[in-house]
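Examining the three-dimensional arrangement
Read off the chains here:
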Amino acid sequence: MTIETIGSFLPYETLITARRNFERGIINRKDLTAIEDIAVCDIVERQIACGVPFVTSGELRRKYWDKDFWFGLNGIACENISSGHLYQSIESSTDQLHITGRIGFNPDHPFFDDFRFLHDVVADGAKCRQTLPSPANLLLEIYALSDGLPETLYPATIDDLISDIADAYRQTALRLHDLGCDALQYDDTALGLMCDDNYTKRLLQGGVDFIKLQRELITVINKSLYELPDDMEKSIYISGGDIIVPEWEYIDYPDNIMPKALSSLNVDKFFIPFNLGNDYAIEVLRHIPQGKTVVLGLVDAHSPFIENSGSIKDMINKVARLIAPSLLALSPRTGFKLSSYSQRALLYEDQWRKLSELAAV
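Quantities reported herein were computed from a predicted structural model and do not represent experimental measurements.

With respect to the overall build of the protein chain
- Counting its secondary structure elements, the protein chain contains 12 helices and 10 strands.
- Its C-alpha atoms give the protein chain a radius of gyration of 20 Å, within 12% of the compact-globule value 21 Å for 361 residues.
- Its C-alpha atoms give the protein chain principal-axis dimensions of roughly 55 × 50 × 40 Å.
- Here the protein chain holds 361 residues, and 55% of them are scored as buried.
- When contacts within the protein chain are restricted to residue pairs at least 6 apart in sequence, long-range pairs at least 24 apart make up 77% of them.
- On the protein chain, roughly 15400 Å² of surface is accessible, and the fraction owed to carbon and sulfur atoms is 50%.
- Positive and negative charge centroids in the protein chain, built from 34 and 52 side chains respectively, lie 2 Å apart.

What to know about the packing of aromatic side chains
- Throughout the structure, instances matching the rule amount to 10 aromatic pairs.
- Measuring from centroid to centroid gives 4.9 Å for phenylalanine 9 and tryptophan 352, while their planes differ by 15°, and the two rings are stacked. Here the residue phenylalanine 9 occupies a position in the loop between β1 (2–3) and α1 (13–23), and tryptophan 352 occupies one in helix α12 (residues 348–359), the gap between them amounting to 343 residues. Residue phenylalanine 9 shares its accessibility class with tryptophan 352, and that shared class is buried.
- The ring of phenylalanine 117 has arginine 61 lying over it, and the distance from NZ or CZ to the ring centre is 5.1 Å.
- The positively charged end of lysine 67 is found above the aromatic ring belonging to tyrosine 64, 5.0 Å away from the centroid.

Side note on the pairing of strand β10 (residues 328–332)
- Counting buried residues in β10 gives five out of five residues, a clear majority hidden from the surface.
- As judged from the two bridges shared by β1 and β10, these two strands associate in the parallel manner. Paired with threonine 2 across the bridge in β10 is alanine 329.
- Bridging between strand β9 (residues 293–299) and β10 involves five bridges; their strand directions are parallel. Bridge pairing in β10 places valine 299 opposite proline 332.

Observations concerning the sheet that holds β10
- Strand order across the open sheet formed by eight strands is β1-β10-β9-β8-β7-β6-β5-β2, with parallel pairing between neighbours. Here the strands that pair on one side only, and so sit at the sheet edges, are β1 and β2 (54–55).
- Across the sheet, helix α4 (residues 110–122) lies against β2 and β5 (127–133), angled at about 160° from β5, the strand it touches most.

Overview of the confidence of the model for the protein chain
- When pLDDT is averaged across the protein chain, the result is 92; 95% of the residues are at 70 or more.
- A low-confidence stretch, residues 83–93 stays under pLDDT 50, and its non-local contacts, those more than four residues away or across chains, total 28 contacts.

Points about the packing of α1 against helix α2 (residues 29–50)
- At a minimum axis distance of 10 Å, the contact between α1 and α2 shows a crossing angle of 165°. Taken as axis vectors, α1 and α2 run roughly antiparallel relative to one another. Relative to α2, the crossing made by α1 is left-handed. From α1, Thr14, Leu15, Ala18, Arg19 and Phe22 reach across to α2, where they touch Arg29, Leu32, Ile35, Glu36 and Ala39.

Examining α4
- Its 13 residues place the ends of α4 19 Å apart at the C-alpha level, agreeing with the 18 Å of an ideal helix rising 1.5 Å per residue.
- When we look at burial in α4, the residues that qualify are Phe111, Phe112, Asp114, Phe115, Leu118 and Val122. The buried residues of α4 occupy one face: seen down the axis, they fall within an arc of 160°. Away from its buried face, by an angle of more than 90 degrees, α4 presents the exposed residues Asp113 and Asp120.
- Where α4 is buried, its residues touch α2, β2, α3 (67–71), β5 and α6 (158–178).

With respect to the side chain of aspartate 188
- For aspartate 188, the location among the structural elements is in strand β6 (residues 183–188).
- Buried aspartate 188, no salt bridge; nearest opposite-charge side chain is arginine 62, N-O distance 13 Å.
- Polar side-chain contacts of aspartate 188 include one of 2.7 Å to the side chain of serine 134.
- In this structure the side chain of aspartate 188 is engaged in a polar contact, spanning 3.1 Å, whose partner is the backbone nitrogen of alanine 190.

The rules behind the values
- Residues numbered from 1 in each chain as written.
- Predicted model: local features only at pLDDT ≥ 70, side-chain atom pairs only at ≥ 80, totals over all residues.
- Heavy atoms only, no water.
- Helix = DSSP H or I, 4+ residues; strand = E, 2+ residues; numbered from the N terminus.
- Rg over C-alpha atoms; globule rule 2.2 N^0.38 Å.
- Buried < 20%, exposed > 50% of the residue type's maximum accessible area, 1.4 Å probe, protein only.
- Contact = heavy atoms within 4.5 Å.
- Areas by Shrake-Rupley, 256 points an atom, 1.4 Å probe, with all protein chains shown as cover.
- Lys, Arg positive; Asp, Glu negative; His and termini not counted.
- Charge placed at Lys NZ, Arg CZ, Asp CG, Glu CD.
- Phe/Tyr/Trp six-rings, centres within 6.5 Å; stacked < 30°, edge-to-face > 60°.
- Lys NZ or Arg CZ within 6 Å of the ring centre and 35° of its normal.
- Pairing = 2+ DSSP bridges.
- Axes fitted to C-alpha atoms, helices over the stretch in contact; angles between N-to-C directions.
- pLDDT = per-residue confidence, 0-100.
- Parallel < 35°, antiparallel > 145°, perpendicular 65-115°, else oblique.
- Left-handed = near helix turned anticlockwise from the far one by under 90°.
- Expected span 1.5 Å × (residues − 1).
- Arc of directions from axis to C-beta.
- Salt bridge = Lys/Arg side-chain N within 4 Å of Asp/Glu carboxyl O.
- Polar contact = N/O pair within 3.5 Å; in protein donor to acceptor, adjacent residues only side chain to side chain.

See the structure below:
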């Protein structure tokens, strides 16, 4: 069975130290970039050795998995604040989005240089995938910043906001395709958060029209993917945020976003994380249309401990009742990159061992 990755990797200690030295002013940007380049080359080589079909730069140059991309778009700036917001699950303390105008495509976005380097390093060794934070996450972030009233923050209507976000993403994807990108992956926690009762309760208490918001999240994703080239694979990784695995519910209740999302998102591939042994949760896969690939996230990327291969095989066999085995692949439940990795005793080599274990299942 094919082994895939979510796309982010834990950097080795040299890069971690270099980034700290850069933030302290000990080294300059040129020195940091040179060390990042070496780290990306190593990450690429290790991915190719693992036999994964698509290679990423490991998100090694990013400070944030989501905001680094948003800060590079036109109409968004980085602002340092010290207070949280109603719809955020944790208090924010540093870099936050500041809307400076209508959101738009930036032809000089720094992600393009990152991808050019990746493409040159990979050469003909594999196909290249670019991961981006989901456009639905950006829309939800603006809902949070505006206390549920985007029109009070954004200089246009909510429909214009959705169109602007979608167009910025779509033009970014087209530019990446021109640069040789074989696959585009959206990393999404917005859809997963819609399954969290505590989160949605805060939305409702804030006066947000929950069903309308669900439609908007799906719409902004689909509009961003409209008529992208057929030879560019489109995929989405759906996470529950900090809890990683969403509270999957397969029954098509009016307020359950997953049946709507899985059945209508215009992607070729779904990355879906599950907790081993949760037979009920896998029923949500019934809503994925035939012919689409499903990558099962069954390995804990944030733990150094060995997985139970028997439990993984058992889960695969159960899922095979719903998805054709030829359309199934395996991956970790999330990316390997983690700010608190040292607290969990994770080492650089653990991520490669995890992938090797997964390949041996």
